[in-house]
Amino acid sequence: MILTNTPITDKERVEHFILVSIRFACLLTTKQDPMECERVQQRIAKLERQLMTCNPSQLFSKQFENQAGELGNELALRYNFNTGRITLWRNTPLHQTGKVFQLRASI
């Protein structure tokens, strides 16, 4: 997980600060899908602008570029370099999401 590494370069420090702010916004949201939260969307947009302005650091690319990387115990983040878009989702098993699904109709 990138948040356990100490940032060394200025670029890593900026990314680290934004990733921490995204993580806290996800922890504070009441929505099941963090991408539906306006605060999370704003912080993701800030990270996308940062990555478009300055190319991602090697540490960020290694962790998140074109693959899902952990942003915490239950959060996963993926950065698509070609589109410049970030995707974020909860990485929890179905039984922990709090949703109940009907598996099949009664016979």
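Caption draft 1: Representation of the side chain of Thr29 within the structure. Mapped onto the elements, Thr29 comes out in the loop between helix H1 (10-28) and helix H2 (38-53). A relative accessible area of 13% means that Thr29 is categorised as buried. In terms of polar contacts, Thr29 uses its side chain to reach the backbone amide nitrogen of Lys31, at 3.3 Å. Look past the residues within four positions of Thr29 in its chain and what remains in contact with it is Cys37 and Arg90.

Caption draft 2: The arrangement of the nonpolar core in detail. Ile22, Leu47, Phe60, Leu77 and Leu88 are the most contacted members of the largest nonpolar core, which totals 18 residues. Within the residue set of this core, elements represented by two or more residues are H1, H2, helix H3 (58-64), strand S2 (75-80) and strand S3 (85-90).

Caption draft 3: A look at the packing of aromatic side chains. Evaluation of the coordinates by the stated rule reveals three aromatic pairs. With a centroid separation of 5.8 Å and 65° between ring planes, the pair formed by Phe60 and Tyr79 is classed as edge-to-face. One end of the pair, Phe60, is in helix H3; the other, Tyr79, is in strand S2, and 19 residues separate them in sequence. Chaining the aromatic ring pairs together yields one cluster made of Phe60, Phe64, Tyr79 and Phe81.

Caption draft 4: Expanded view of the sheet that holds strand S1 (residues 69-70). What the three strands build is an open sheet, ordered S1-S2-S3; its pairing is antiparallel. The two strands at the open ends of the sheet, each matched to only one other strand, are S1 and S3. Here S1 pairs with S2 via two bridges, running antiparallel. The residue of S2 that forms the bridge with Glu70 is Ala76. Contacts from H2 reach S2 and S3 within the one sheet, and its direction differs from that of S3 by about 145°.

Definitions and cut-offs
- Residues numbered from 1 in each chain as written.
- Predicted model: local features only at pLDDT ≥ 70, side-chain atom pairs only at ≥ 80, totals over all residues.
- Heavy atoms only, no water.
- Helix = DSSP H or I, 4+ residues; strand = E, 2+ residues; numbered from the N terminus.
- Buried < 20%, exposed > 50% of the residue type's maximum accessible area, 1.4 Å probe, protein only.
- Polar contact = N/O pair within 3.5 Å; in protein donor to acceptor, adjacent residues only side chain to side chain.
- Contact = heavy atoms within 4.5 Å.
- Core = buried A, V, L, I, M, F, W, Y, C linked by side-chain atoms within 4.5 Å.
- Phe/Tyr/Trp six-rings, centres within 6.5 Å; stacked < 30°, edge-to-face > 60°.
- Pairing = 2+ DSSP bridges.
- Axes fitted to C-alpha atoms, helices over the stretch in contact; angles between N-to-C directions.

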